[in-house]
Amino acid sequence: MPDTGSPHLRPGLLPDTVHAGVRPGTALLRLETTHDRKGILDGAWWPRSRDIAAELPGLIAALTEHLGPVTRVGLDADAWDALPTRMTIDDRVVHIDSHAVGDDTVLVTRGEGDLFSLLVVPPNATPEAARAAMAEAVRAGSLSSAEQIIVATGTDVATGTDHER
């Protein structure tokens, strides 16, 4: 993948090549690849479980690679098994905000305040439903909320557990 210079991106911009290193149909993280960020969501994340200690380090590592240092993550307290107030990931402290919001998103803060909103695909979603949800979340200019995407793609009722991604 070409060097995007991601740590030096202007606030609000995503690199055009985020999707280049991900095999089709296997993504656990997808980011919208347009600079204008006109949609409601900036991407989607498909964790394998509700164990934040197991899932968050991989997400933060991938986001840091493409967006630069992540300083804060906001999560729905009811969607995860247990949420600490902070975690050290790759020698950096990431602060975790948790609220019972039930909105199927994770909010990621890069640097001092550049905010990204990602759809969280339920871990038990079938691969087909997850791919459909992730594709809609990164569709340029999409005005669908995370909840609308989850319902429309059937990921809210999916029961797949094989995690073949």
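Placed above this text is the structure.
Presented here is an overview of the structure given in this document.

Conventions used here
Residue numbers here run from 1 along each chain, matching the order of that chain's written sequence. Thresholds applied to this predicted model are a pLDDT of at least 70 for local features of residues and 80 or more for the giving and counting of side-chain atom pairs; totals over whole chains, interfaces and linings are not thresholded and use all residues. For side-chain calculations, the full set of non-hydrogen atoms in the structure is used, while hydrogens and water are omitted. The pairing criterion for strands is at least two bridges between them, as found by DSSP. Strands here mean DSSP runs of E at least two residues long; helices mean DSSP runs of H or I at least four residues long; both are numbered from the N terminus. For helices, the fitted line uses only the C-alpha atoms of the stretch in contact; every axis is such a line through C-alpha atoms, and the angle between N-to-C directions lies from 0 to 180 degrees. A contact between two residues is defined here by any heavy atoms of the two lying within 4.5 Å. Note on exposure labels: buried denotes an accessible area under 20% of the residue type's maximum, exposed denotes more than 50%, and partly exposed covers the range between, all computed with a 1.4 Å probe on protein chains only. Regarding the arc, it is the one traced by the directions from the helix axis to the C-beta atoms. Here a polar contact means two N or O atoms within 3.5 Å. Within protein one must be a hydrogen donor candidate and the other an acceptor candidate, and residues neighboring in sequence count only if both atoms are side-chain atoms. Nonpolar core, defined: a set of buried Ala, Val, Leu, Ile, Met, Phe, Trp, Tyr and Cys residues in which side-chain atoms within 4.5 Å join the residues together. A carboxyl oxygen of Asp or Glu within 4 Å of a side-chain nitrogen of Lys or Arg is what we treat as a salt bridge.

Attention shifts here to the sheet that holds strand E7 (residues 114–120). Taken in spatial order, the seven strands of this open sheet run E1-E2-E7-E6-E3-E5-E4, and their pairing is mixed. The two strands at the open ends of the sheet, each matched to only one other strand, are strand E1 (29–31) and strand E4 (86–89). Across the sheet, the mean angle from the axis of one strand to that of its neighbour is 25°, orientation sign disregarded. With five bridges joining them, strand E3 (residues 70–76) and strand E5 (residues 92–99) adopt parallel strand pairing. Its bridge partner being in E5, aspartate 76 is matched across the sheet by histidine 99. Contacts from helix H1 (residues 52–67) reach E1, strand E2 (43–45), E3, E4, E5, strand E6 (105–110) and E7, with the element oriented near 60° to E4.

Turning our attention to the environment of threonine 155. In this structure, threonine 155 sits in the segment after helix H3 (146–153). On the basis of relative accessibility, which here comes to 0%, the residue threonine 155 falls in the buried class. Spatially, the C-alpha atom of threonine 155 lies 7.2 Å from that of threonine 126, the residues being 29 residues apart in sequence. Discounting residues that sit within four places of it in the chain, threonine 155 has contacts with Val121, Pro122, Ala125, Ala129, Ala130, Ala133 and Ile150.

Of all the residues in H1, the buried ones are Ile52, Glu55, Leu56, Leu59, Ile60, Leu63, His66 and Leu67. Angular distribution of buried residues about the axis of H1 spans 135°; they occupy a single face of the element. Here H1 starts with a cap whose side-chain oxygen sits 3.2 Å from the backbone nitrogen of alanine 53, and that cap is aspartate 51. Taken from the residues just after H1, glycine 68 is the one with a positive phi, measuring 100°.

The next point concerns the nonpolar core. Membership of the largest hydrophobic core comes to 22 residues, with the highest contact counts inside it found for Trp45, Leu56, Leu63, Val73, Val106 and Leu118. Of all the elements, H1 adds the most residues to this core, at six residues. Ignoring sequence-local partners within four residues, the contact set of leucine 63 consists of Leu29, Leu31, Gly68, Val70, Val108 and Leu118. Judged by nonpolar contacts, the second largest core, of 13 residues, contains Met134, Ala137, Ala146 and Ile149.

We now examine helix H2 (residues 127–137). Along an α-helix, a turn takes 3.6 residues, which lines up residues three or four apart on a common side. Taken together, the buried positions of H2 are occupied by Pro127, Ala129, Ala130, Ala133, Met134, Glu136 and Ala137. Looking at the buried side of H2, the elements it contacts are E1, E2, E7 and H3.

Within the fold, glutamate 136 resides in helix H2. One polar contact links glutamate 136 to arginine 139, side chain to side chain, over a distance of 2.8 Å. A polar contact is formed between the side chain of glutamate 136 and the side chain of serine 142, at a distance of 2.8 Å. Contacts of glutamate 136, omitting those with residues within four sequence positions, involve Ser142, Ser144 and Ile149.

Let us look at the environment of aspartate 42. Looking at the secondary structure, you find aspartate 42 in the loop between E1 and E2. Judged by its relative accessible area of 5%, aspartate 42 is buried.

Let us now look at the pattern of salt bridges. Taken as a whole and judged by the stated rule, the model has four salt bridges. The shortest N-O distance in the salt bridge between aspartate 97 and arginine 72 comes to 2.9 Å. Note that aspartate 97 is positioned in strand E5 and arginine 72 in strand E3, a separation of 25 residues in sequence. For arginine 131, the salt bridge identified is with glutamate 128, shortest N-O distance 3.9 Å.

Here we take up the side chain of threonine 109. Within the element layout of this structure, threonine 109 appears in strand E6. On the basis of relative accessible area, threonine 109 is assigned to the buried category, the value being 13%. Ignoring anything within four residues of it in the chain, the contact list for threonine 109 reads Pro69, Val70, Thr71, Arg72, Asp114 and Leu115.

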